[in-house]
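These are the residues of each chain, in order.
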Amino acid sequence: MLTRKKTVRLEIRNDRVREHFAVVIASMEGFLVQGVHDTMPADLLILEIGDDTEQDFDYLTRARSTGRAKDFFLTSKNASPEVLIQALRLGVKEFITQPINEVELRKALLKYRDGSDSAPAQQKGPDRKGQIISVLGVKGGVGTTTIAVNLADSLVRLDGQPAVALIDMNRLFGEIPLFLSLEHVFNWVDISKNIARLDATYLTGILYRHRSGLRVLPSPDRVDDKGTVTPQVIEAMLRLMRTMFDYVIIDGGQAMDDISKTILRSADKVLLVAGLSLPCLINVKKLVKIFRELGYPPEPSVEVVINRFDKRSVITLREAEQSTGKKAFWAVPNDFNATMSAINQGKPLSVVEPGAEVTDSIAQMAAALAGRHTGGGREKEKERRAFLGLKLY
Ligand SMILES: Nc1ncnc2c1ncn2[C@@H]1O[C@H](COP(=O)(O)OP(=O)(O)OP(=O)(O)O)[C@@H](O)[C@H]1O
Ligand SMILES: [Mg+2]
């Protein structure tokens, strides 16, 4: 079916920039750039945001309410989080940062041209309310990434193939790409830059699809994210992801900054990963106290997972529970060889060490978190947990 050309209005102060837009748009099929004096309503208005952002956003709001254009792209040298978030709130379709990257601009225009006649990008579907599970290490090196990655992998393998996403929030040294042999993929910084087009379709396009079906969002691999990853961005992301996935697992590392707090506020479950060592147990206590002071996450949603559990350890599980005042939700057995060979091969434990106790344990933890209990397995699990001195939840 032949569709009508989209009319584009350019409201860009800088002549060179305007000319650049006009040339790119004119070279593409399906668009018609309006003349400067054309007063007809346009399909798309590309508006430049200058130094007085407030005035420009006011203009945008007026242009929308008076029907001057149906859809909006913004362009600016200033891609600060405040500007991007404001753009997101106003439902701007694309944010084109200056200097213009022609490839990106073409992609954005193509997406607009081919997408705007069909159904809206945001699928209406049932309003899925996924669970956000944040995995936090009480100390470095306790196995947070191992637990997060293999928990996510176990969830995606559950019957009915739940939709699962795994997010790496270790902003400096995110390692999930290593654990799952991922090549370069989009990350938080890219999302923050494109926050204006943050919708399910966009997100699905940028999340890496692991062969297990798991969707992965690695952390920025750059140090210079220049503050684009803000609590607001994270909040918008998580809100959206909750509607798209049954489970969102976050490898939160050990940070306790504003972003971690935003995640903690959104999380339905927080798993504190600790070892049976004094420093870890002290940190469990400290974190529980911090949570109480913050007023979130609610106490019942915080669970302690003892990793590298060895029943010969000097500190027993019971002592650990007594000293922290928290029952251990799970104890994952110590198996350095299995976990290390999974890491070194860049594959989940279920692939590298399918029968290992550590693999089973994490899979059972996933089933318990998902509220699934496999008939006969429950008895076996009861025995195992009695053996570990844990109660069955
Ligand atoms: N259950 C386990 N048994 C034995 N070794 C384990 C277990 N879980 C993790 N490890 C080992 O601990 C080391 C650290 O694991 P991992 O990278 O998952 O920890 P982390 O807490 O994410 O570390 P970081 O603080 O550097 O992000 C790895 O060598 C891994 O093989
Ligand atoms: Mg880690």
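Below: a short report on this structure. Bear in mind that the values here come from a model prediction, so they are computed numbers and not experimental data. (Residues numbered from 1 in each chain as written. Chains lettered and ligands numbered in written order. Predicted model: local features only at pLDDT ≥ 70, side-chain atom pairs only at ≥ 80, totals over all residues. Heavy atoms only, no water.)

Describing the overall build of the chain
Next up, step 1: Helix and strand counts for the chain come out as 16 helices and 13 strands.
Next up, step 2: Residue burial in the chain is summarised as follows: out of 393 residues, 51% are buried.
Next up, step 3: Contacts spanning at least 24 positions in sequence make up 76% of the contacts within the chain whose residues lie at least 6 apart.
Next up, step 4: By element, 52% of the accessible surface of the chain is carried by carbon and sulfur atoms, the whole surface being about 19500 Å². (Helix = DSSP H or I, 4+ residues; strand = E, 2+ residues; numbered from the N terminus. Buried < 20%, exposed > 50% of the residue type's maximum accessible area, 1.4 Å probe, protein only. Contact = heavy atoms within 4.5 Å. Areas by Shrake-Rupley, 256 points an atom, 1.4 Å probe, with all protein chains shown as cover.)

A word on the sheet that holds strand β12 (residues 302-309)
Next up, step 1: Read across the open sheet, the eight strands follow the order β8-β9-β7-β10-β6-β11-β12-β13; overall the sheet is mixed. In this open sheet, the two edge strands, each paired with only one partner strand, are β8 (208-209) and β13 (328-333). (Pairing = 2+ DSSP bridges.)

Points about the packing of aromatic side chains
Any pair of aromatic rings gets described here by the distance separating the centres and the angle formed by the planes.
Next up, step 1: Throughout the structure, instances matching the rule amount to two aromatic pairs.
Next up, step 2: For the pair F329 and W330, a centre-to-centre distance of 5.6 Å together with 50° between the ring planes defines the contact as tilted. Residues F329 and W330 agree in their burial class; the two are buried. (Phe/Tyr/Trp six-rings, centres within 6.5 Å; stacked < 30°, edge-to-face > 60°.)

Quick word on the sheet that holds strand β1 (residues 6-11)
Next up, step 1: Strand order in the open sheet made by the five strands is β2-β1-β3-β4-β5, with parallel pairing throughout. The strands lining the two open edges of the sheet, one partner per strand, are β2 (31-33) and β5 (94-97). Between one strand and the next, the sheet's axes are offset by a mean angle of 25°, whatever the strand orientation.
Next up, step 2: Contacts from helix α2 (residues 53-65) reach β1, β3 (42-48) and β4 (69-76), with the element oriented near 165° to β4. (Axes fitted to C-alpha atoms, helices over the stretch in contact; angles between N-to-C directions.)

Notes on the site of ligand 1
Next up, step 1: In the vicinity of ligand 1 lie 20 residues, with G141, T145, T146, N307 and D335 positioned nearest.
Next up, step 2: G143 is positioned such that a nitrogen or oxygen atom in its backbone is 2.9 Å from an oxygen atom of ligand 1.
Next up, step 3: Protein burial of ligand 1: of its 630 Å² of free accessible surface, 85% is covered by the chains.
Next up, step 4: When contributions to the shell around ligand 1 are tallied by element, the ones reaching two or more residues are α5 (144-156), β12 and α13 (336-345).
Next up, step 5: Of the residues in the shell around ligand 1, the class split is seven nonpolar, ten polar and three charged. (Near = heavy atom within 4 Å. Polar contact = N/O pair within 3.5 Å; in protein donor to acceptor, adjacent residues only side chain to side chain. Nonpolar A, V, L, I, M, F, W, Y, C, P; charged D, E, K, R; others polar.)

A short note on the pairing of β13
Next up, step 1: Counting buried positions over the six residues of β13 gives six, a clear majority of the element.
Next up, step 2: Bridge analysis of β12 against β13 gives four bridges, and the strand direction is parallel. Paired with V305 across the strands is W330, a residue of β13.
Next up, step 3: Handedness of the crossover is the feature at issue here: the chain leaves β12, passes through helix α12 (residues 317-324), returns alongside β13, and the resulting connection is right-handed. (Right-handed = clockwise from strand over helix to strand, strands pointing away.)

Remarks on the pattern of salt bridges
Next up, step 1: Counted by the stated rule, this structure contains 17 salt bridges.
Next up, step 2: A salt bridge links R68 to E11, with the shortest nitrogen-to-oxygen separation between them at 3.3 Å. With R68 in the loop between α2 and β4 and E11 in strand β1, this pair connects stretches of sequence that are 57 residues apart.
Next up, step 3: Taking the relative accessible area as the measure of exposure, E11 reaches 18% and is therefore buried.
Next up, step 4: With a closest N to O distance of 3.4 Å, E303 and K269 form a salt bridge. Of this pair, E303 sits in strand β12 while K269 is found in strand β11 (residues 269-274), placing the two residues 34 residues apart along the sequence. Per residue, the accessibility class of E303 equals that of K269, and both read buried. (Salt bridge = Lys/Arg side-chain N within 4 Å of Asp/Glu carboxyl O.)

Remarks on α2
Next up, step 1: End to end, α2 covers 18 Å across 13 residues, agreeing with the expected 18 Å (1.5 Å per residue, within 8%).
Next up, step 2: When we look at burial in α2, the residues that qualify are D56, F57, L60 and A63. All buried residues of α2 fall inside an arc of 120° around its axis, so they share one side. Exposed positions of α2 whose direction lies more than 90 degrees from the buried face are E54 and S65.
Next up, step 3: Considering only its buried residues, α2 is in contact with β3, β4 and α3 (81-89).
Next up, step 4: Immediately downstream of α2, the backbone of G67 shows phi near 75°, a positive value. (Expected span 1.5 Å × (residues − 1). Arc of directions from axis to C-beta.)

A closer look at the side chain of E11
Next up, step 1: Side-chain polar atoms of E11 contact the side chain of Y59, separated by 2.6 Å.
Next up, step 2: Side chain to side chain, E11 and R68 meet in a polar contact 3.3 Å long.

Topic: α12
Next up, step 1: Among the residues making up α12, those that are buried are L317, A320, E321 and T324. Buried positions in α12, seen along its axis, are confined to an arc of 95° and lie on one side of it. Exposed residues lying more than 90 degrees from the buried face of α12 are R318 and Q322.
Next up, step 2: Just downstream of α12 lies G325, where phi reads positive at about 75°.

A closer look at the nonpolar core
Next up, step 1: In this structure, L151, L203 and I249 are the most contacted members of the largest nonpolar core, which totals 109 residues.
Next up, step 2: Element by element, the count of residues in this core is highest for helix α9 (residues 231-244), at eight residues.
Next up, step 3: When we break this core down by domain, the ones giving at least three residues each are domain 1 (6-115) and domain 2 (131-388).
Next up, step 4: Non-local contacts of L151, meaning those with residues more than four positions away in its chain, are made with I133, V135, I249, L271, I362, A366 and L369.
Next up, step 5: Judged by nonpolar contacts, the second largest core, of 18 residues, contains I12, M28, I100 and L105. (Core = buried A, V, L, I, M, F, W, Y, C linked by side-chain atoms within 4.5 Å. Domains from an automatic or database assignment.)

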